[in-house]
Amino acid sequence: MRDEFDGLRTPLQLSPQERRQPAWLGGLPRRDLYILPLLALGTLFLLGIASELGARILAPAQERMSCLVANRAFGFSHGRPHCVETGKIPEGPKVVYSYNACGYRSAAPCGPKPPDTWRIALLGASFGEGYVVPYEETFGARTERILTRGCGHKVEVQNLAAYGTSLVGVYHEMDEALSLKPDLVLIAIMPFDLEEGLPPDQVRMRHTPPPPSDLGSGIQRSPILALAKMAKASRALTMARHFIFSDRDLYVRSYLLSGENTDFLRDPLSPSWERRLADFDLLLGEMAAKSHAAGVPMALLMAPQRAQAALMASKHWPQGVNPWVLPRRLGQIAARHGVRMIDSSELFARLPHPETLIYTVDGHPGGGASAIIANAVVDSLVGHDGTPFAGCKIASPAR
Amino acid sequence: MPTASAGFLLFSAAVAIACNLSRHPLWRGWVLLAANLAYLATVSTDPSAFLPFAAFLAIGYAAILASGRRRSGKVLGTLVMALTLGFCWLKKYWFLSGLGFISSPYVTIGLSYIFFRVMHLVIDAQSHREAGRLSFLSYLNYTLNFTALVAGPIQRYEDFLKTPPPIDLCIAGRAAERIVIGLFKVLVVAALLSTVQTQATADLLAHHDGPDRLKSGLVAIAGYPIYLYFNFSGYMDIVIGVARFIGMELPENFNRPFSSVNFIEFWGRYHMTLSNWLRDYVYTPLLRVLMTRFPKPGRDPFLATLAFFVTFFLIGIWHGPTAIFATYGVLLAVGISGDKLYQTALLKLWGRRKYRALAEDPVYRAVCRGLTFTWYAVSMLCFWADSDEASRILGALGPGGIAAVFLLLLVAATAALTVTETLRAAALDAGWKGRPIMLSRYTRTVWSVVLAFLCVSVAMLMHSPAPDIVYKTF
């Protein structure tokens, strides 16, 4: 059989020109030193394009930012009143986001609180809003339904949380939340809110936010960042990461290697995480003071991130890793300010594979995780004094 | 460390770099030994688990030296018998259960292949001085060669000693292409076939009725040999490619076995190093003994048939110590000796010219190809199913179902293999300026990149790792 790749011709069979070539070429013409790598790269490029097209067809996505208005000076976002839009991430279903007259993602109207209605004001960012979760499946809507059924009162959740809100933004929304005359203020966070939502400048200048004109464009022009942004936008890479990280061990291992942001899983916490917790302590203290002054109880809800949930369930942690450090520290901060801590992590840790309930690449909890979070909220509210919900007759799946 | 894994490839790359730092044989020898021991160390963390393995290796070396020093049939017979018994005892063959076995777990990885290598040296030491005088370093590297430890190929010592031409771009290109093809076979084709075949077996045992049952039976029985071929030959491609970077040339183990038109040809193309070993050390000596005992010329074909039967029965029982593997051996032996008898009878009946004309007829060849595959696939049932599962499968099909599956398999295999052969010939014929396009280095570069891309993509999409190399267990 003829075999051009062979190149194992004896020297006698080589042409005079070939004989002048170095031995390491093995009889290959010099031009192949360029042609073959270019051919390989070209093939990879075409395969990459084909994969990207395939991924975009198989896993479509839809941007959803037309309903949200960012208040960059105060660091929070709000929905436009009565706005409805559809969004979809490649990993999840199509989700309709609709906002009430106040721009909250709530089915209940946001006017004066009707008599015989108990109201919860929910603050937070994407997690609190129920990003990538259909409204009926969000933990806010589920909590509302379960409590209404079990308390003999109409319970409504006014969901002020919105995608893109920082924790400083949450701090600035406190007055608006209290103006709704709620029976409870619930602040929902995930570790990434602490990681991204506490810019030191914003925390320092929280009482005198800069005018919008002083804010930069926010567009970073570094070519490396542009490349990283391109890679992040690639649907094929997103789906590749989705499938690779379906493997729990691989995901946790690579997550722990992904830098300082993951240090909330380490014991002791890193200095930057200590700084974040100190800033959060400051903000929560001032929010709690306002809330207590208004006579409204306050609760802090925490849900674990995907790697954290996986570690909590696996019980075998690498050296120096402890997924419970952050919930424990947040609990201490909350207790110091008279805020009830609702840690849904404990319910996640009881599941064999809780990480499957959280979107692999996107990182937000899906509908299943929202059900667990709602159970944790209900369980905590019903099981403790200090809110009207204490004593509601609800069979807790958590207990 | 699975062969089709990034870990193995990285380990091999490190060994290849270290080996190529110097061409001095001693340097290469010690680097290889370190690599072989490091590879073995990944098998078990318990040093005591290596003791029986090490003892077998030490006894093997002593037997080779003894065979080289005392050249006599008696000595050789004793050594062969002792080594065979030792091997069977370590592999816990049922007929030695009276002796009692070691109860704690111990390493047996690659023991069968080590046994073949040691036996070859013990026998050859009687006639070749080289084999009887090998150094312990060389012996360890030959028997423990990490590229061929897990599942072969069974290389001859004289071939192991040969130094292939130094690596250049063409050789490196071919070796890399070979590794990519191997990875594609193991990680993509074999993994998908394994899923299909396992599902079909489960469906068959779930008692579906009528056509569904036949379909499941057909897929389960036909699927396994194809899966095994891709799994095993893919492993071979990887280790042959890897070994070439290290400066070794491993023998080929497969040569398109399903293109064979009879069982004798099939075993010349499938697991070739095992077939060749058995031909050299079992079939040929046995036939020689038989022909000496029964020297009538007319009996030769029948004696060859008997020698084939014994050899292939041994192949069957080599695969495992239980009764089902004896059945497997009988089926293989019936296939090959039946083939030999059929050829002998036709030659006698029709004469050489008429037989040759028939053997060259394309339709006859296609049917023979289908029949060879079918018989092999049916025999394989005893290979992949244990006694209980095999009887449940046969029970689920029933006598009519078994006959129907056999016939359907024959028709399907004949058609599929004919199409495959035709397409392959057409693809190789397609040329430009008298050169076959499919064999061009440019086509092959593109093809290799596509396969590598598919390997990565499928490995990502699969939620479970690809099945390990099946022959690792033998």
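None of these values were measured; they are calculated from a predicted model.

**Topic: the overall build of chain B**
Here's step 1: When helices and strands are counted, chain B shows 19 helices and two strands.
Here's step 2: Compactness check: chain B gives a C-alpha radius of gyration of 23 Å against a globular reference of 23 Å for 474 residues, within 12% of the reference.
Here's step 3: C-alpha atoms of chain B, sized along the principal axes, occupy 60 × 60 × 50 Å.
Here's step 4: Within chain B, the fraction of its 474 residues that count as buried is 51%.
Here's step 5: Intrachain contacts of chain B at a sequence separation of at least 6 include 74% that bridge at least 24 residues.
Here's step 6: Element-wise, carbon and sulfur atoms account for 69% of the exposed surface of chain B, whose accessible area totals about 21900 Å².
Here's step 7: The positive charge centre, built from 41 side chains, and the negative charge centre, built from 25, are 9 Å apart in chain B.

**Quick word on the sheet that holds strand β9 (residues 340-343) of chain A**
Residues and elements named next belong to chain A.
Here's step 1: Read across the sheet, five strands follow the order β6-β5-β7-β8-β9 without closing on themselves; strand pairing throughout is parallel. Across the chains shown, the open sheet's two edge strands, defined by having one partner strand only, are β6 (154-159) and β9. For this sheet, the mean angle separating the axes of adjacent strands, direction not counted, is 25°.
Here's step 2: As paired strands, strand β8 (residues 298-302) and β9 are joined by four bridges and run parallel to one another. The residue of β9 that forms the bridge with alanine 299 is arginine 340.
Here's step 3: Contacts from helix α5 (residues 167-179) reach β5 (117-124), β7 (184-189) and β8 within the one sheet, and its direction differs from that of β5 by about 160°.

**Quick notes on the nonpolar core**
Here's step 1: Formed by 137 residues in total, the largest nonpolar core has its most connected members in Tyr376 and Phe383 of chain B.
Here's step 2: Per element, the largest residue contribution to this core is 17 residues, and it comes from helix α10 (residues 210-246) of chain B.
Here's step 3: Apart from residues no more than four positions distant in its own chain, phenylalanine 383 of chain B is found in contact with Tyr224, Leu228, His319, Phe325, Tyr328, Val470, Tyr471 and Phe474 of chain B.
Here's step 4: Core analysis: the second largest hydrophobic core is formed by 48 residues, Leu178, Leu180, Leu284 and Leu300 of chain A among them.

**Side note on the domain arrangement of chain B**
All names here are of chain B.
Here's step 1: Structurally, chain B comprises domain 1 (6-161) and domain 2 (257-429).
Here's step 2: Once you take the C-alpha centre of each, domain 1 and domain 2 turn out to be 31 Å apart.
Here's step 3: Interface of domain 1 and domain 2: buried area, both sides summed, is about 1200 Å²; carbon and sulfur atoms make up 65% of it.
Here's step 4: Of all residues in domain 1, the largest losses of buried area upon contact with domain 2 belong to Tyr93, Phe116 and Ile154, amounting jointly to 43% of the total for that side.
Here's step 5: At the junction of domain 1 with domain 2, the criterion picks out one salt bridge.

**Focus on the state of the cysteines**
Residues and elements named next belong to chain A.
Here's step 1: Scanning all chains against the criterion turns up three disulfides over all chains.
Here's step 2: In this model cysteine 67 forms its disulfide with cysteine 83; the gap between the sulfur atoms is 1.8 Å. Across the S-S bond linking cysteine 67 and cysteine 83, the dihedral sits near -80°, which makes this disulfide left-handed. With a gap of 16 residues between them, cysteine 67 in the loop between α2 (32-58) and β1 (68-71) and cysteine 83 in the loop between β2 (76-79) and β3 (84-87) connect regions that are remote in the sequence.
Here's step 3: A relative accessible area of 0% means that cysteine 67 is categorised as buried.
Here's step 4: Under the relative-accessibility criterion, cysteine 83 is labelled buried at 14%.
Here's step 5: Put simply, cysteine 151 and cysteine 392 are joined by a disulfide, and their sulfur atoms are 2.0 Å apart. Because the torsion about its S-S bond is 110°, the bridge between cysteine 151 and cysteine 392 counts as right-handed. Taken as a pair, cysteine 151 in helix α4 (residues 139-151) and cysteine 392 in the segment after α15 (367-383) lie far apart in primary sequence, 241 residues in all. With respect to class, cysteine 151 is no different from cysteine 392; both count as buried.
Here's step 6: Take the cysteines of chain A that form disulfides and number them in order along the sequence; they join up as 1-2, 3-4, 5-6.

What counts, and where the lines are drawn
Residues numbered from 1 in each chain as written. Chains lettered and ligands numbered in written order. Predicted model: local features only at pLDDT ≥ 70, side-chain atom pairs only at ≥ 80, totals over all residues. Heavy atoms only, no water. Helix = DSSP H or I, 4+ residues; strand = E, 2+ residues; numbered from the N terminus. Rg over C-alpha atoms; globule rule 2.2 N^0.38 Å. Buried < 20%, exposed > 50% of the residue type's maximum accessible area, 1.4 Å probe, protein only. Contact = heavy atoms within 4.5 Å. Areas by Shrake-Rupley, 256 points an atom, 1.4 Å probe, with all protein chains shown as cover. Lys, Arg positive; Asp, Glu negative; His and termini not counted. Charge placed at Lys NZ, Arg CZ, Asp CG, Glu CD. Pairing = 2+ DSSP bridges. Axes fitted to C-alpha atoms, helices over the stretch in contact; angles between N-to-C directions. Core = buried A, V, L, I, M, F, W, Y, C linked by side-chain atoms within 4.5 Å. Domains from an automatic or database assignment. Buried area = accessible area lost by both parts, 1.4 Å probe. Salt bridge = Lys/Arg side-chain N within 4 Å of Asp/Glu carboxyl O. Disulfide = S-S within 2.5 Å.

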